[in-house]
Amino acid sequence: MPTPDPAILDDIARATGFLSRIPMPARHFRNYDGSLSRAVRMFPVAGLLVALAPALLAFGLSGLGAPPTLTALLVLGLLLVLTGALHEDGLADSADAFGAGGAHERMLAIMKDSRIGTYGALALILTVALRAAALSALVSELSAWQVAFAILAVAAASRSAMVWHWSRLAPARLDGVAASVGRPACDAVAMALVLGAAIGLVGALLASGWVAATVALGSMVAASWAWTHRCQSRLGGHTGDTIGATQQIAETTFLVALALLV
């Protein structure tokens, strides 16, 4: 039986440790300089690990006939616990900055402010509500297995969208978290995109069929592209917050499109 590549295992652990609060074995971080340039290739796999428990929870509750809305909220709650609301924080900070507008220096200063403003609060309310409504619709219309596959699919695909956004733009500031962990390597980006697209497509196909899967992935790509273009034009690059916001935008778009077509 072939032995797994230690470098791949290291990257899975490092990507999962960065994207979540799931404890990872310390051996994968020995002599580690904190760079994610190579580890981003495993972001889609890290997404799968983060979403595994929520997918199993959705499977169990759906199989038991729990109310769809309650199931959706419990699944989202577990996801928030596992990620530490990392991506939601990025979305809120981005919404406050883009909502306030002004010169890009002012927008970057708003992003660094830990306080949440009106735009950030409204963005969180809207995206959580949309994801909850979409998941509730999926639980109502699909089998327990199909719901679980949908959750895993969007988790992987949305993490690859993060890598794409990150790789397409230069850092908007040189003292941010995203800049400190390095730019994604080209081959790592390619692997992340292939893995995210493959897992997202297969999972969505198992959940809902060709038409819904294609539209959901296409909608996610379009939304991620539009957001990335907006960040380029207003900020001149990416930040850790815009990378996190990319995941939220991608996930919300994917789930809503899937829910509309099942």
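This text goes with the structure placed above it.
Residues numbered from 1 in each chain as written. Predicted model: local features only at pLDDT ≥ 70, side-chain atom pairs only at ≥ 80, totals over all residues. Heavy atoms only, no water.

Asker: Outline the overall build of the protein, supporting the account with residue identities and numerical values.
Answerer: Along the protein, the regular secondary structure elements total eleven helices and zero strands. Taken from N to C terminus, the helices and strands of the protein fall in the order α-α-α-α-α-α-α-α-α-α-α. A compact globule built from 262 residues would reach a C-alpha radius of gyration of about 18 Å, and the protein, at 18 Å, matches this within 12%. Counting only C-alpha atoms and orienting by the principal axes, one finds that the protein spans roughly 50 × 50 × 30 Å. Pairs at least 24 apart in sequence give 79% of the contacts found in the protein among residues at least 6 apart. (Helix = DSSP H or I, 4+ residues; strand = E, 2+ residues; numbered from the N terminus. Rg over C-alpha atoms; globule rule 2.2 N^0.38 Å. Contact = heavy atoms within 4.5 Å.)

Asker: Explain the nonpolar core residue by residue, including any values.
Answerer: Core analysis: the largest hydrophobic core is formed by 38 residues, its most contacted members being Leu135, Leu138, Ile151, Phe254 and Leu258. Residue assignment for this core shows that the elements contributing at least two residues are α2 (43-63), α3 (68-83), α6 (118-141), α7 (144-168), α9 (186-208), α10 (210-235) and α11 (240-261). Take this core: its biggest share by element is ten residues, from α7. Every residue in contact with Leu135, bar those within four places of it in the chain, is listed here: Ala72, Val75, Leu76, Ile151 and Leu255. In terms of nonpolar packing, the next biggest core, distinct from the first, is built from 18 residues, Ala15, Leu19, Val40 and Trp166 among them. (Core = buried A, V, L, I, M, F, W, Y, C linked by side-chain atoms within 4.5 Å. Buried < 20%, exposed > 50% of the residue type's maximum accessible area, 1.4 Å probe, protein only.)

Asker: Give me a nonpolar patch on the surface: which residues, what numbers.
Answerer: Side chains of Trp210, Val211, Val215, Leu260 and Leu261 sit close together on the surface and give an oily, nonpolar patch of about 560 Å² of accessible area. Where the nonpolar patch is concerned, the elements lending two or more residues are α10 and α11. With three residues, α10 is the single largest residue contributor to the nonpolar patch. Tracing the chain through its elements places Leu261 in helix α11. (Patch = residues over 30% accessible without salt bridge, like charges linked within 9 Å, V, L, I, M, F, W, Y side chains within 5 Å. Areas by Shrake-Rupley, 256 points an atom, 1.4 Å probe, with all protein chains shown as cover. Salt bridge = Lys/Arg side-chain N within 4 Å of Asp/Glu carboxyl O.)

Asker: How would you explain the packing of α6 against α11 if you had to name every residue and give the values?
Answerer: Running from amino to carboxyl end, α6 crosses α11 at an angle of 35°, the nearest separation of the two axes being 9 Å. The interaxial crossing formed by α6 with α11 has left-handed handedness. Between α6 and α11, the contacting residues are Thr127, Leu130, Arg131, Ala134, Leu135, Ala137 and Leu138 on the first element and Gln248, Glu251, Thr252, Leu255, Val256, Leu258 and Ala259 on the second. Looking at the contact of α6 with α11 residue by residue, the classes come out as nine nonpolar, three polar and two charged. (Axes fitted to C-alpha atoms, helices over the stretch in contact; angles between N-to-C directions. Left-handed = near helix turned anticlockwise from the far one by under 90°. Nonpolar A, V, L, I, M, F, W, Y, C, P; charged D, E, K, R; others polar.)

Asker: Can you explain the pattern of salt bridges? Please cite residues and give values.
Answerer: Going through the model one piece at a time under the given rule, you end up with five salt bridges. Notably, a salt bridge pairs Asp11 with Arg38, separated by 2.8 Å at the nearest N-O pair. Of the two residues, Asp11 sits in helix α1 (residues 6-19) while Arg38 sits in the loop between α1 and α2, which places them 27 residues apart along the sequence. A relative accessible area of 1% places Asp11 in the buried class. When the shortest N-O distance is used, the salt bridge between Asp113 and Arg115 registers 2.7 Å. Three or more residues are tied together by salt bridges with common partners; here these are Asp11, Arg38 and Arg41.

Asker: Please provide a residue-by-residue account of the environment of Val211, values included.
Answerer: With respect to the helices and strands, Val211 occurs in helix α10. Between the C-alpha atom of Val211 and that of Leu261, which follows or precedes it by 50 residues, the distance is 8.0 Å.

Asker: Quick rundown of α10? Include the residues and the values.
Answerer: Taking 1.5 Å of rise per residue, 26 residues should cover 38 Å, and α10 covers 37 Å from first to last C-alpha, within 8% of that figure. All buried positions along α10 are accounted for by Ala212, Ala213, Ala216, Leu217, Met220, Ala223, Ser224, Trp227, Thr228, Cys231 and Leu235. Where α10 is buried, its residues touch α4 (86-100), α5 (104-112), α7, α9 and α11. Two residues or fewer past α10, Gly236 is found with a positive phi of approximately 80°. (Expected span 1.5 Å × (residues − 1).)

Asker: Explain the layout of surface pockets residue by residue, including any values.
Answerer: As a volume, the largest pocket reaches approximately 320 Å³. Elements supplying a minimum of two residues to the lining of the largest pocket: α4, α5, α7, α8 (177-180) and α11. Per element, the largest residue contribution to the lining of the largest pocket is five residues, and it comes from α4. Tallied by class, the residues present in the lining of the largest pocket amount to ten nonpolar, six polar and five charged. Its boundaries defined by the atoms lining it, the second largest pocket holds a volume of some 230 Å³. Surrounding the second largest pocket, 13 residues form its lining, Ser160, Ala161, Leu193, Met220 and Val221 being those nearest its centre. Secondary-structure elements contributing two or more residues to the lining of the second largest pocket are α7, α9 and α10. Here the lining of the second largest pocket gets six residues from one element, more than from any other, and that element is α10. (1 Å grid on protein atoms, 1.4 Å probe; cavity = no way out; pocket = protein on both sides within 12 Å on 5 of 7 lines; lining within 4 Å. Points joined across faces, edges and corners; volume = space filled by probe spheres on them.)

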